[in-house]
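Survey of secondary and tertiary structure
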Amino acid sequence: MSAAPTDAAGITTPGQRSPDNRATRRAVGRITRKLTRAKVIAVANQKGGSGKTTTILALAGELARRGFRVLVIDCDEQGNATIGLGVAVAEQDTEGTYYLLMDDEAKPAAVIAPTPHDNISVIAGGPKLSEVAAALASEMGNHAFLSTHVDALRGEFDVILLDTPPALSLLTINALYAADEITTPINPGVFDLRGIAELTKTVKRINSRLNKAIAIAHVFLINFNPRRRNDQDAYRFVKEAFPDALIDTADPQPDREWHGSGVPQSASVNSSQSAGIPLTLYEARAAVSRAYCRVTDVIEQRSLRG
Ligand SMILES: Nc1ncnc2c1ncn2[C@@H]1O[C@H](COP(=O)(O)OP(=O)(O)OP(=O)(O)O)[C@@H](O)[C@H]1O
Ligand SMILES: [Mg+2]
């Protein structure tokens with residue numbers, strides 16, 4: 001599998017900018033081993049379009065810039081994380097995450113692809129992943145196929161990020177079972193907030209039925225506007241539901257009433273994705289990137305140190 005040109009999504013976005021070269025240059029020469037065993041983080045929310053892939057790309061870019069060796073495993077048939085890293089999706093039986101899950105003899109090293117970005121590798125997602133759930137339905141231990149491979153890769157990377165599809169499917173269960181913890185971006189819509197209860201229920205089932213200790217460790221709001229009444233209510237709802245996991249992307253200001261914080265909406269998200277460059281490398285100084293840097297700060301502090 002080869003790295004595709006940076007317009008891998010095949011879209012030319014008006015006003016598309018080149019990556020922040022200063023950020024990219026800073027990453028060069030900082031390729032150092034940080035952890036002896038990789039931390040595995042699944043980004044999950046069964047609601048479609050809830051910012052999972054955007055979060056994967058932003059985290060991958062910023063962690064890589066900080067010198068962590070990052071592997072993204074794309075568990076989604078849409079292959080958006082793969083495309084967003086500037087790599088072609090997996091189409092063949094012997095490629096990507098599909099191969100890892102479907103072939104008993106699969107060797108992860110054979111499907112790890114480099115990306116055009118320092119410190120970031122990917123195991124590609126792609127359309128064949130739509131066949132996995134039916135094919136593995138009657139297989140013994142079918143929740144643990146991914147975790148076996150992920151565990152074998154822990155010595156090679158510092159952070160392994162698992163992008164999941166918009167469903168609580170067998171692929172998502174495999175990702176959650178393989179992970180150490182879950183990160184969940186949440187849109188401030190009413191259906192999005194209701195949907196989180198389903199994810200929480202699934203996590204509890206994995207805890208009890210599969211005897212696997214995993215939790216939603218980090219949540220944050222996306223497309224957040226502190227001036228919108230609905231978003232303020234959403235912030236309070238999420239704060240009450242996840243008091244320890246909620247990440248604030250900005251500090252309260254003493255002279256202002258605090259309505260919460262979250263990742264803002266920005267056109268840079270789409271432009272970076274069509275350019276195949278992680279947001280935080282594409283436009284490091286944009287407010288949306290700074291918010292994701294703050295998310296990365298907290299995840300680094302809580303999960304990647306000590
Ligand atoms: N902060 C943001 N500002 C503007 N657009 C955003 C933001 N976050 C995400 N988007 C856009 O919203 C859409 C959905 O985001 P994304 O693909 O990350 O969600 P997802 O949860 O991975 O979706 P799916 O469930 O289909 O995998 C994309 O078009 C993305 O570019
Ligand atoms: Mg996605």
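For the structure itself, look to the data block above.
The following paragraphs examine the structure supplied in this document. Throughout, residues of each chain are indexed from 1 in the direction in which the sequence is written. Following the order in which they are written, the chains are lettered starting with A and the ligands numbered starting with 1. In keeping with the model being predicted, local features are shown solely for residues with a pLDDT of at least 70 and side-chain atom pairs are shown and tallied solely at 80 or more, while totals for entire chains, interfaces and linings include all residues. Side-chain descriptors were evaluated using all non-hydrogen atoms of the structure, hydrogens and water having been removed beforehand.

Notes on the overall build of the protein chain
Numbering of helices and strands runs from the N terminus, with a helix taken as a DSSP run of H or I at least four residues long and a strand as a DSSP run of E at least two residues long. Within the protein chain one finds 12 helices and 7 strands. Exposed residues in this analysis have more than 50% of their type's maximum accessible area, buried residues have under 20%, and partly exposed residues fall in between, with area computed by a 1.4 Å probe over protein chains only. Burial statistics for the protein chain: of 306 residues in total, 56% are counted as buried. The contact criterion used is simple: two residues touch if any of their non-hydrogen atoms lie within 4.5 Å. Residue pairs at least 24 apart in sequence account for 79% of intrachain contacts in the protein chain once pairs closer than 6 positions are excluded.

Observations regarding the sheet that holds strand S4 (residues 120–123)
Pairing in this open sheet of 7 strands is mixed, and the strands run S3-S4-S2-S5-S1-S6-S7 from one edge to the other. Among the strands making up the open sheet, the edge pair consists of strand S3 (112–114) and strand S7 (216–221). Adjacent strand axes in the sheet meet at a mean angle of 25 degrees when their direction is disregarded. The rule for pairing is simple: two strands pair if DSSP sees at least two bridges between them. As paired strands, strand S2 (residues 70–74) and S4 are joined by 4 bridges and run parallel to one another. When the sheet's bridge partners are listed, Val72 is paired in S4 with Val122. Each axis is a line fitted through C-alpha atoms, taken for helices only over the stretch in contact, and angles between the N-to-C directions span 0 to 180 degrees. Of the strands in this sheet, strand S6 (181–186) and S7 are in contact with helix H8 (residues 190–209), which crosses S6 at around 170 degrees.

Concerning the site of ligand 1
A cutoff of 4 Å decides nearness: a residue is near a molecule or strand if any of its heavy atoms lies inside that distance of it. Around ligand 1, the surrounding shell holds 18 residues, and the nearest of these are Ser50, Lys52, Thr53, Thr54 and Gln273. In this structure, an oxygen atom belonging to ligand 1 sits 3.5 Å away from a side-chain N or O atom of Asp76. Contact between ligand 1 and Ser266: a nitrogen atom at 2.9 Å from a main-chain N or O atom of the residue. Secondary structure elements with two or more residues in the shell around ligand 1: helix H2 (52–65) and helix H10 (267–275). The element contributing the most residues to the shell around ligand 1 is H2, with 3 residues. Within the shell around ligand 1, the residues separate by chemical class into 4 nonpolar, 11 polar and 3 charged. Pairs of N or O atoms within 3.5 Å make up the polar contacts considered here, provided that, within protein, one atom can donate a hydrogen while the other can accept it, and that residues adjacent in sequence are counted only when both atoms are side-chain atoms. Residues are sorted three ways: Asp, Glu, Lys and Arg are charged, Ala, Val, Leu, Ile, Met, Phe, Trp, Tyr, Cys and Pro are nonpolar, and all the rest, Gly among them, are polar.

Brief notes about the packing of aromatic side chains
Two aromatic rings, drawn from Phe, Tyr or Trp (for Trp, its six-membered ring), form a pair once their centres lie within 6.5 Å of each other, and the interplanar angle then sorts them: stacked below 30 degrees, edge-to-face above 60, tilted otherwise. One pass over the structure, following the stated rule, counts 3 aromatic pairs. Ring geometry for Phe220 and Tyr292: centres 5.8 Å apart, planes at 85 degrees, overall edge-to-face. Of the two residues, Phe220 is situated in strand S7 and Tyr292 in helix H12 (residues 287–304); the sequence distance between them amounts to 72 residues. Neither Phe220 nor Tyr292 differs from the other in exposure class; each is buried.

Quick look at unusual backbone geometry
At Asn119, a position not held by glycine, the phi torsion is positive, near 70 degrees. Summarising the element assignment, Asn119 is placed in the loop between S3 and S4. Taking the relative accessible area as the measure of exposure, Asn119 reaches 12% and is therefore buried.

Remember that the coordinates give geometry; whether it matters functionally is a separate question.
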